[in-house]
Amino acid sequence: MPKEERPMECIGRQYDISTMPSVSVIIPYLQEDLRLLDKTLGSLLANTPPELLDMILLVDDGNDANHSFADDLVDLHPKVRVHRNSERQGLIKAKVTGASHTESPVIIFMEPHCIANRQWLEPLLERLMDSPRRVVVPVIDIIPEDYTDLYEYVPGMYGGFGWDLEFKWAGTAQERNASYHTPDPFPMPCLSGGILALRRDWWEMSGEYDDEMQEWGSEHIEMSLRSWRCGAGGEAVPCSRIGHMFRKARPYPFHGEASNRNKKRLISVWFENYADRVFEVEPHLRDMSDLGDVSARIAIKEKLGCESMDWYVQNVYPELEKEKKQ
């Protein structure tokens, strides 16, 4: 259990969990360490009210026999289950597959090297009940890769991205808004992507993920733009804390052509008159011949009556306009 350093206003806060919707936690994994998986699941089971947890579904994304661990994982608890992909789908499609194998009113995506802190779930559900088209995230604390028994608290950081379409932790909530008071929820112009919660009905209505994107990358920016421009936006909830191990290197292969294709799909659907700003920084993305069919994604955008990219830049993330060529 992490040492107690949550904001004082969060400690001892009472929630009426009898009114809250239940959740399924979906965790894709590939070439993971069993010890870290055990710690992730142990923290979830210890710090989640059992009446709110329907299942923890691990998605084995085509692991070899030495990294599947299915028997070990399901033996941990009756609510832990494993779905196996016979071949690697990639993180984006694995999340979509996992969600399709659950039925809970709320879907939570998580990563396989995390520590769920005390009362991590209740503050997220409280905010989803307040606004069903919102996507919410915890404050993501740090588990040092070389010392995974440690847990380091961080200030509430908001996410952003540049014209290179790469996510970044852009600054603290206090730096962005001088009147901000911890632990109030604060807007996330861009979600980091690995850990988030949303209602199933909004997940399905808003188009899930673009499952023609490959492996991983850009899906977090795509969901962020869709959440803000078509729904109620993205929000960080500081009373919810989850520690995450940020890796120096990935334990599995990642293909640059997949990343570029994902960025092209993102640009073609969502960037509108701002596409040239991206091309100034990433000129190799101008060639759209390999992006595939995006008509289904555009149809979702039209059906939901989404706001423009101009609206997003002016009202949600004006810092983007100030980003310079790199």
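Definitions and cut-offs
Residues numbered from 1 in each chain as written. Predicted model: local features only at pLDDT ≥ 70, side-chain atom pairs only at ≥ 80, totals over all residues. Heavy atoms only, no water. Helix = DSSP H or I, 4+ residues; strand = E, 2+ residues; numbered from the N terminus. Buried < 20%, exposed > 50% of the residue type's maximum accessible area, 1.4 Å probe, protein only. Lys, Arg positive; Asp, Glu negative; His and termini not counted. Salt bridge = Lys/Arg side-chain N within 4 Å of Asp/Glu carboxyl O. Contact = heavy atoms within 4.5 Å. Disulfide = S-S within 2.5 Å. Arc of directions from axis to C-beta.

**A look at the side chain of Glu 219**
Turning to step 1, where the next piece is worked out: Position of Glu 219 relative to the elements: it lies in helix H7 (residues 219-230).
Turning to step 2, where the next piece is worked out: Lys 95 provides the closest opposite charge to the buried, unpaired Glu 219, separated from it by 4.6 Å.
Turning to step 3, where the next piece is worked out: Excluding residues within four positions of it along the chain, Glu 219 makes contact with Ile 92, Tyr 209 and Met 213.

**Regarding the state of the cysteines**
Turning to step 1, where the next piece is worked out: Applying the stated rule across the entire model yields two disulfides.
Turning to step 2, where the next piece is worked out: The partner cysteine of Cys 10 in its disulfide is Cys 239, sulfur to sulfur 2.0 Å. On the sign convention where negative means left-handed, the S-S torsion of about -80° between Cys 10 and Cys 239 marks this disulfide as left-handed. Taken together, the residues span a long stretch of sequence, with Cys 10 in the segment before strand S1 (23-29) and Cys 239 in strand S11 (residues 234-244) at a distance of 229 residues.
Turning to step 3, where the next piece is worked out: Its relative accessible area of 1% is what places Cys 10 among the buried residues.
Turning to step 4, where the next piece is worked out: Classification of Cys 239 by relative accessible area gives buried; the value is 3%.
Turning to step 5, where the next piece is worked out: With a sulfur-sulfur separation of 1.9 Å, Cys 230 is cross-linked through a disulfide to Cys 306. The S-S bond linking Cys 230 to Cys 306 shows a torsion near 110°; that makes this disulfide right-handed. Here Cys 306 lies in the loop between helix H10 (295-303) and helix H11 (309-315) and Cys 230 lies in helix H7, a separation of 76 residues in the sequence. Each member of the pair, Cys 230 as well as Cys 306, is classed as buried.
Turning to step 6, where the next piece is worked out: Cysteine Cys 190 shares no disulfide, and the gap to the nearest cysteine sulfur, in Cys 230, comes to 15 Å.

**Some remarks on H10**
Turning to step 1, where the next piece is worked out: Where H10 is concerned, the buried positions are Arg 297, Ile 300 and Lys 301. Relative to the axis of H10, the buried residues are bounded by an arc of 100° and lie together on one face. Facing away from the buried surface of H10 by more than 90 degrees, the exposed residues are Ala 296, Glu 302 and Lys 303.
Turning to step 2, where the next piece is worked out: Trailing H10 by a residue or two, Gly 305 shows a phi angle of about 65°, which is positive.

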